[in-house]
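# What the coordinates show
Listed below, chain by chain, are the residues.
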Amino acid sequence: MVGRRILSAELRCPRVLRGADPDEMSRQLAGRRIAEIRRYGKFIVVSLSRDRRSASDGYLTIHLGMTGRLLLGGAPGKHTHAILTLDRGALLYDDSRQFGRIQFSTEFPARIARLGPEPLEIPFEDFAAGLKGRKTRIKALLLNQDFLRGIGNIYADESLFRAGIHPMAIAGRIRGDRARRLYEAIGQVLREAIAAGGSSISDYVDAEGRKGFFQFNHRIYQHTGQPCVTCGTIVRRVLVAQRSSHFCPTCQKR
DNA sequence: ATCGGTACCTGCACGC
DNA sequence: TGCGTGCAGGTACCGA
């Protein structure tokens with residue numbers, strides 16, 4: 001999409017725009033050219049410029065929430081909230097639960113600047129230092145985007161399972177070998193999930209509409225009531241930070 | 001400064 | 001068949 005020009009923007013759902021005025025946002029987008037697209041954790045930032053040469057003077061920040069989809073072309077549906085018509089093709093935003101959002105700003109968004117490091121880029125020493133002194137539960141910390149960017153409920157559970165750490169363990173008490181195991185597990189899980197094209201539980205598809213298949217490799221997520229793949233103990237579910245957390249009571253220690 | 005709880009939506013599976 | 005309940009890849013905001 002880089003290099004394409006936005007001819008027009010049809011913004012149908014003010015809720016997804018987080019209260020911004022659809023007409024005003026349409027005016028801002030129309031005529032701008034896509035200069036660069038980058039991902040920051042779960043956020044996608046589309047940098048826009050007025051012409052080919054000039055620096056970016058607009059940013060379209062997109063978050064898919066739980067059920068958001070960005071699709072190249074295709075027919076709009078019941079939950080299509082935005083249609084960007086480009087000089088070649090179209091970009092559609094679809095989101096049944098409307099937890100995702102699309103925002104326009106002329107400055108680089110401050111929220112992005114506050115995100116923690118990329119989990120696949122942070123050195124182990126920094127990760128271990130980040131755990132130090134934290135009184136929160138490790139599951140909640142892994143979901144906190146200011147700690148690390150990009151880890152969600154599935155990959156938090158899968159990482160903790162592989163590391164043998166209980167989701168309710170206090171973050172600051174994970175040190176040495178256990179911290180190292182968690183760090184390695186996060187890297188492993190994310191790399192495997194990316195290679196598998198992500199986890200398609202119900203809605204997720206890539207821009208071409210293809211499902212991922214990492215859901216077939218989940219070892220603990222939504223395995224409640226089934227035997228642990230390692231030891232056979234029945235997998236349990238607890239709430240941590242109001243999120244479902246799946247764990248093996250035998251393999252995962254506080 | 002940090003933490004937990006709540007609100008925001010729609011759709012689906014389940015039990016009755 | 002229809003209805004109520006609980007659950008679902010997330011974040012922002014509030015008060016403690």
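### Remarks on empty space enclosed by the protein
On inspection of all chains with the given rule, the structure shows one cavity of 30 Å³ or more. One number sums up the size of the largest cavity: a volume of about 70 Å³. Of all the secondary structure elements, the ones that give two or more residues to the lining of the largest cavity are β4 (58–63), β6 (80–86) and β7 (90–95). Ranked by the residues each element gives to the lining of the largest cavity, the list is headed by β7, at three residues. Split by residue class, the lining of the largest cavity holds eleven nonpolar, no polar and no charged.

### Notes on the side chain of Ser47
As for its position among the elements, Ser47 is in strand β3 (residues 43–49). Setting aside residues up to four positions removed in sequence, Ser47 forms contacts with Arg33, Ile34, Ala35, Glu36, Ser56, Gly58 and Tyr59.

### A closer look at the pairing of β6
The side chains of a regular strand alternate, residue by residue, between the two faces of the sheet. β6 sits mainly inside the fold: six of its seven residues count as buried. Judged from the five bridges that link them, strand β1 (residues 6–11) and β6 form a sheet pairing that is antiparallel. Residue pairing in the sheet places Ala9 in a bridge with Leu84 of β6. Bridge count for β6 against β7 is five bridges, and the pairing is antiparallel. Bridged to Leu84 within β7 is Leu91. A loop of three residues connects β6 with β7, the two strands running antiparallel in sequence, and Gly89 in this loop sits at a positive phi of about 85 degrees.

### Things to note about the domain arrangement of chain A
What the domain assignment reports for chain A is domain 1 (6–113) and domain 2 (124–247). Contacts between domain 1 and domain 2 engage twelve residues on the former and 13 residues on the latter. Counting each side, the surface lost to burial between domain 1 and domain 2 is near 970 Å², with a carbon and sulfur contribution of 51%. Of all residues in domain 1, Lys42, Arg69 and Leu72 give up the largest surface area on contact with domain 2, accounting jointly for 41% of the area buried on that side. The salt bridge partner of Arg111 is Asp146, with a shortest N-O separation of 3.1 Å.

### Comments concerning the packing of helix α3 (residues 124–131) against helix α6 (residues 176–195)
Put simply, α3 and α6 touch, their axes get as near as 10 Å, and they point 120 degrees apart. You can see that α3 and α6 cross each other, and the crossing is right-handed. Contacts from Phe124, Phe127 and Leu131 of α3 reach α6 at Gly176, Ala179, Arg180, Leu182, Tyr183 and Ile186. In the contact of α3 with α6, the residues fall into seven nonpolar, one polar and one charged.

### Let's talk about the protein's contact with DNA strand C
The environment of DNA strand C is made up of 22 residues, and the closest members are Ser202, Asp203, Tyr221, Arg243 and Ser244. Considering the 4 Å shell around the protein, atoms of DNA strand C inside it are sugar or phosphate in 55% of instances. Within the side chain of Asn153, an N or O atom sits 3.2 Å from a phosphate oxygen of DNA strand C. Ser202 is positioned with one of its backbone polar atoms (N or O) 2.7 Å from a base oxygen of DNA strand C. Mapped by element, the contributors of at least two residues to the surface near DNA strand C are α5 (153–163) and β10 (243–247). For the surface near DNA strand C, the residue count by class is six nonpolar, nine polar and seven charged.

### Quick word on the pattern of salt bridges
Taken as a whole and assessed by the stated rule, the structure comprises twelve salt bridges. Across the pair Arg210 and Asp206 runs a salt bridge whose closest N-O atoms are separated by 3.1 Å. On the basis of relative accessibility, which here comes to 51%, the residue Arg210 falls in the exposed class. On the basis of relative accessible area, Asp206 is assigned to the partly exposed category, the value being 21%. The salt bridge involving Arg210 is made with Glu208; its shortest N-O contact spans 3.2 Å. The burial state of Arg210 is the same as that of Glu208; both residues are exposed.

### Regarding the sheet that holds β4
Reading across the sheet, the four strands line up as β2-β3-β4-β8 and stay open at both edges, with antiparallel pairing between neighbours. Across the chains shown, the open sheet's two edge strands, defined by having one partner strand only, are β2 (33–40) and β8 (101–105). Taking each pair of neighbouring strands and ignoring which way they run, the sheet shows an average axis angle of 20 degrees. In terms of strand pairing, β2 meets β3 through seven bridges, oriented antiparallel.

Reading guide: rules and limits
- The numbering scheme is per chain: residues are counted from 1 as the chain's sequence reads.
- Numbering of ligands from 1 and lettering of chains from A proceed in the order in which they are written.
- The predicted nature of this model means local features are confined to residues of pLDDT at least 70 and side-chain atom pairs, given and counted, to a pLDDT of 80 or more, with totals for whole chains, interfaces and linings taken over all residues.
- For side-chain calculations, the full set of non-hydrogen atoms in the structure is used, while hydrogens and water are omitted.
- Put plainly, a pocket is an open set of points on a 1 Å grid over the protein atoms alone with protein on both sides within 12 Å along at least five of seven lines, a cavity is a set where a 1.4 Å probe fits but cannot get out, and a lining residue has an atom within 4 Å of a point.
- Grid points are joined across faces, edges and corners, and a volume is the space filled by probe spheres set on the points.
- Think of it this way: any DSSP run of H or I at least four residues long counts as a helix, any run of E at least two long counts as a strand, and we number them from the N terminus.
- Each residue receives one of three labels: charged for Asp, Glu, Lys and Arg, nonpolar for Ala, Val, Leu, Ile, Met, Phe, Trp, Tyr, Cys and Pro, and polar for the others, Gly being one of them.
- Any two residues whose heavy atoms approach within 4.5 Å are treated as being in contact.
- Each residue gets one of three labels from its accessible area relative to the maximum for its type: buried under 20%, exposed over 50%, partly exposed in between, using a 1.4 Å probe on protein chains only.
- For two strands to be treated as a pair, DSSP must find no fewer than two bridges joining them.
- The source of the domain bounds is an automatic or database domain assignment.
- When two parts are brought into contact, each loses some accessible area as probed by a 1.4 Å sphere; the total of that loss over both is the buried area.
- What counts as a salt bridge is simple: a side-chain nitrogen of Lys or Arg found within 4 Å of a carboxyl oxygen of Asp or Glu.
- Here an angle of 0 to 180 degrees is reported between the N-to-C directions of two axes, which are lines fitted to C-alpha atoms, with helices fitted over the stretch in contact.
- Crossings are classed by handedness, with left-handed meaning an anticlockwise turn of the near helix from the far one by less than a right angle and right-handed meaning a clockwise turn.
- Nearness here has a simple test: a residue counts as near a molecule or strand if at least one of its heavy atoms is within 4 Å of that partner.
- Pairs of N or O atoms within 3.5 Å make up the polar contacts considered here, provided that, within protein, one atom can donate a hydrogen while the other can accept it, and that residues adjacent in sequence are counted only when both atoms are side-chain atoms.

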